[in-house]
Amino acid sequence: MDKKQINKAVRDYLAATAMSMFRYEGLPDNVRPEDLERMLLENGELIFTKWNDEFYIFQFTGTGKQNYLGEWNSYQVNNPYINCNHVFTDRDAVRIRNTDNSVSLSGMLDMYSELLSESYITLNMSDVNARLSFLISAGDNATKTSAELFLKQVYDGKQGIIGSQPLLDSLSVNPLADHKDFQSVIQLNKFYYSDFFQKIGLTNLYNNVHDRISATETQFTATSIYPFVDNMKKNREAAVERINKLFGLNVSVEFTSSWDYRIMNGENLSGKDFKGSTEEQAGRPEETENEDNK
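The structure displayed is predicted, hence computed values, not measured ones. (Residues numbered from 1 in each chain as written. Predicted model: local features only at pLDDT ≥ 70, side-chain atom pairs only at ≥ 80, totals over all residues. Heavy atoms only, no water.)

1. Some words on the sheet that holds strand β4 (residues 61-66)
Reading across the sheet, the 3 strands line up as β4-β5-β6 and stay open at both edges, with antiparallel pairing between neighbours. Every interior strand has two partners, whereas the edge strands, β4 and β6 (84-89), have only one. Taken pair by pair, the neighbouring strands of this sheet meet at an average axis angle of 25°, ignoring direction. Pairing analysis gives 6 bridges linking strand β5 (residues 72-79) to β6, with the strands arranged antiparallel. The partner of V77 across the bridge, within β6, is H86. (Pairing = 2+ DSSP bridges. Helix = DSSP H or I, 4+ residues; strand = E, 2+ residues; numbered from the N terminus. Axes fitted to C-alpha atoms, helices over the stretch in contact; angles between N-to-C directions.)

Below is the structure:
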């Protein structure tokens, strides 16, 4: 796989993980939850409306008049597939935002897929270079071609062979540094994943230094990752409420289990005090300190 393919594979995985954050009940058959989430995460906002007696979600272009904040009061939709070229308003459409300021996750997905792709490529190169302890230099094209074939055989996991003595004599080699320590690259790769998961509200206590993670560290990590996903949930709940009121539906939205249970022992984020649940799961601070002193 080349870098572009690796980047796409990683981005698709990260996007699929983020898209599984919310579950919906009561959506019309024509509006699939996965399509709604994909459009919100990639574009930051959309509208939910009815066209020719069918419910749809559309990307749109702001039009009409602007308020003092510069926001448009109408939504231009041009969808030739269903022959929809129409201007919707808040009277016949509901604007759904990913966050308060319609921030998408597209930039974040691009950034982390790039960082992770680089770490995978570095790890792969380190793995391949561990098979060689020298750098090859060639003085002519024939020698260069033979050396490239030799390196390809090594890369493919085969025993590299250069069969011609004149070609072998024309090669020169230089020693390389040791490439067999992969630990730092592996740790960097794990850190990138952990950092992404935390940004989308999944507690992933990456620990590169200590043997244990204290209750204080657990509580700080958990509380610091909640605001962004809570904001996403708040906007979806507000939009669902308006949809139900405008179209007479009974749609609901909640976190899926991975987010809803997180570190709260099954309690929703709007539930009881967070601190007690954290200490129960992570261990009380004094107990953790005693363990560290053993």
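Further notes follow.
2. Let's talk about the packing of aromatic side chains
Under the counting rule described, the total for this entry stands at 14 aromatic pairs. For the ring pair F60 and Y75, a centre distance of 5.0 Å and an interplane angle of 70° mean the geometry is edge-to-face. Residue F60 is located in the loop between β3 (54-58) and β4, and its partner Y75 is located in strand β5; the two are separated by 15 residues in the primary sequence. Y75 matches F60 in its accessibility class, with the two residues each being buried. Through a chain of ring-to-ring contacts, three or more aromatic side chains come together here, namely Y13, Y112, Y120, Y193, F196 and F197. (Phe/Tyr/Trp six-rings, centres within 6.5 Å; stacked < 30°, edge-to-face > 60°. Buried < 20%, exposed > 50% of the residue type's maximum accessible area, 1.4 Å probe, protein only.)

3. A closer look at helix α1 (residues 3-19)
For α1, which comprises 17 residues, the first-to-last C-alpha distance of 24 Å matches the rise-based estimate of 24 Å (1.5 Å per residue) to within 8%. When we look at burial in α1, the residues that qualify are I6, N7, V10, R11, L14, A15, T17 and A18. Mapping the buried residues of α1 onto a view down its axis gives an arc of 160°, with all of them on the same face. The N-cap of α1, judged by a side-chain oxygen 3.3 Å from the amide nitrogen of K4 a few residues on, is D2. (Expected span 1.5 Å × (residues − 1). Arc of directions from axis to C-beta. Polar contact = N/O pair within 3.5 Å; in protein donor to acceptor, adjacent residues only side chain to side chain.)

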